[in-house]
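# What the coordinates show
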Amino acid sequence: MGAHLARRYITETETEPDPAKPFGFDPEFGFGERKEREMVASQAQMNLAQVPVLQRDYCAHHLIKLMKCKRDNWPNFLACKHERHDWDYCEHQDYVMRMKEYERERRLQMRKKRVEEAQAA
Amino acid sequence: MRISLFNVTATIEHGCRGFQKLGSSSFQGETARLLGAFSQIRAASGPSKGMLPGPYPQTPEERAAAAKKYNMRVEDYEPIPDNGEGYGDYPQLPDRSQHERDPWYSWDHPDLRRNWGEPIHWDFDMFIRNRVDTSPSPVAWHTMCKHLFGFVGFMLLMFYLGEKFPSYQPVAPKQYPYSNLHLERGEDPEKQPEEVKHFNI
C-alpha cells in the first residue's frame, strides 16, 4: 500500500516517478499502435448540462445521462442504479489507466537507469 | 447669659445640621469633608487615629505596638520593606490567594474564607476567590511546560515532514479533454492552446 512511497523516499529515489512533474517519455514508445482517448460529450453539451468543471473528463457523457435520469426521477433517489453504475465503471477504468500510466513511467525510468549503467560500465 | 446661650444653641444647631448631613451621606470621606467645616464636631464612624497605618517602625517598641494594632503576634509581624513606596508599617503577609484556604473550615466570612479580626493582605481584593488564584498546579510547572511544548514541537515537526515528503497514490495525474479544458478554465479564447493528446492504455 505504501511501497511506492518507500521506493520514492528511501530506496529508489532517482527512478520512482513524481506525479507532480510531467511525464517526459514519448507516449508511443514501446507500443506498436496506440488508440487515442475518445471524448463523447461536446463542450456545448457539457455547458448546457452545467457539468462542474472538475467533472468534465472522459466520462462526462455518462455523468450527463445520470444527471438527466436523477432529474427525471426525483424524489425517487433509488431510481438511477444503471446509469450510476455506468458512470462509476467508466471512472474506475479511468483510474486503472492512471495506475497503468504511473507504472509505465516507473518501468521506463528503471530501464533508462539500467541502460545508462550498462553504457557507463 | 443670653450671649453664651446663643453660642451654645448655635453650636448645637450647627451640630444638628451636621448630623443631618451625616444621616444623608454614607461616605466617610464626605462626612469628614462636610464636618471639617465644623471643627467642634467629629463623627463616631471610621477608624480612630490609633487604628490607621503609621510610619515604618524603627524601634522594637514601635514594632510591638504595630503588631498589636494589626492584631498579630510580635513574632509573626514583619512590615513591608521600606523602599520609599509608602507602605508604612503595614505587615508583609504571604502572597497566597483565598483559593488556597481550607474550604471546609467554618470561617466567619465563608465567601472570603477569613475570620473576624484577621490581618488583611495589601492586595486582598486581588486574592478573592473570583480573581487571582495562586494555588499549586496539579503537576509541577516544568513538567507541564515540557509536555505542552514537547507535544506542540512534535506536531510541528511532523507537519513539516508531511510537507517535505507528501503521501500520494501511485497514479498519474487525471487527464482532461479539450486541451486540459482550456476554455472551461477561463483561459484566453484567442490564444491557441498547446496540443495535448491522451491515449488509452
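What you see is a predicted model, and the numbers here were worked out from it, not measured in a lab.

## What about the overall build of chain A?
Counting its regular elements, chain A contains four helices and zero strands. The N-to-C order of helical and strand elements in chain A reads α-α-α-α. Sorting the 121 residues of chain A into buried and exposed places 29% on the buried side. Within chain A, contacts between residues separated by at least 24 positions form 49% of all contacts whose residues are at least 6 apart in sequence. A total of about 8,600 Å² of accessible surface is found on chain A, and carbon and sulfur atoms cover 56% of it.

## A word on the pattern of salt bridges
In the structure shown here, the tally under the stated rule is 23 salt bridges over all chains. Of the charged contacts in the structure, one is a salt bridge between arginine 71 of chain A and aspartate 72 of chain A, with a shortest N-O distance of 3.1 Å. Residue classification places aspartate 72 of chain A among the partly exposed residues on the basis of a relative accessible area of 43%. Glutamate 187 of chain B is the salt-bridge partner of arginine 185 of chain B, the closest N and O atoms lying 3.6 Å from each other. Judged by its relative accessible area of 47%, arginine 185 of chain B is partly exposed. In this structure glutamate 187 of chain B comes out as partly exposed when scored by relative accessible area, which is 34%. Each of Arg7, Glu16, Glu103, Arg106 and Arg107 of chain A takes part in one network of salt bridges that share partners.

## Some remarks on the packing of aromatic side chains
Summed over the entire model, instances satisfying the criterion amount to six aromatic pairs over all chains. Where tyrosine 70 of chain B meets tyrosine 90 of chain B, the ring centres are 5.4 Å apart and the plane angle is 65°; that geometry is what we call edge-to-face. One end of the pair, tyrosine 70 of chain B, is in the loop between helix 3 (60–69) and helix 4 (141–164); the other, tyrosine 90 of chain B, is in the loop between helix 3 and helix 4, with 20 residues separating them in the sequence. Taking the relative accessible area as the measure of exposure, tyrosine 90 of chain B reaches 14% and is therefore buried. Centroid distance tyrosine 105 of chain B to tryptophan 107 of chain B: 4.8 Å. Interplanar angle 75°. Geometry classified as edge-to-face. Here the guanidinium or amino end of arginine 34 of chain A rests over the ring plane of phenylalanine 31 of chain A, the centre of that ring lying 4.4 Å away.

## With respect to the layout of surface pockets
By volume, the largest pocket amounts to about 610 Å³. What lines the largest pocket is a set of 24 residues, among which Phe23 of chain A together with Gln175, Val196, Lys197 and His198 of chain B lie closest to the centre. Tallying contributions element by element places helix 4 (residues 81–120) of chain A first for the lining of the largest pocket, with four residues. Split into classes, the residues belonging to the lining of the largest pocket amount to eleven nonpolar, three polar and ten charged.

Conventions adopted
Residues numbered from 1 in each chain as written. Chains lettered and ligands numbered in written order. Predicted model: local features only at pLDDT ≥ 70, side-chain atom pairs only at ≥ 80, totals over all residues. Heavy atoms only, no water. Helix = DSSP H or I, 4+ residues; strand = E, 2+ residues; numbered from the N terminus. Buried < 20%, exposed > 50% of the residue type's maximum accessible area, 1.4 Å probe, protein only. Contact = heavy atoms within 4.5 Å. Areas by Shrake-Rupley, 256 points an atom, 1.4 Å probe, with all protein chains shown as cover. Salt bridge = Lys/Arg side-chain N within 4 Å of Asp/Glu carboxyl O. Phe/Tyr/Trp six-rings, centres within 6.5 Å; stacked < 30°, edge-to-face > 60°. Lys NZ or Arg CZ within 6 Å of the ring centre and 35° of its normal. 1 Å grid on protein atoms, 1.4 Å probe; cavity = no way out; pocket = protein on both sides within 12 Å on 5 of 7 lines; lining within 4 Å. Points joined across faces, edges and corners; volume = space filled by probe spheres on them. Nonpolar A, V, L, I, M, F, W, Y, C, P; charged D, E, K, R; others polar.

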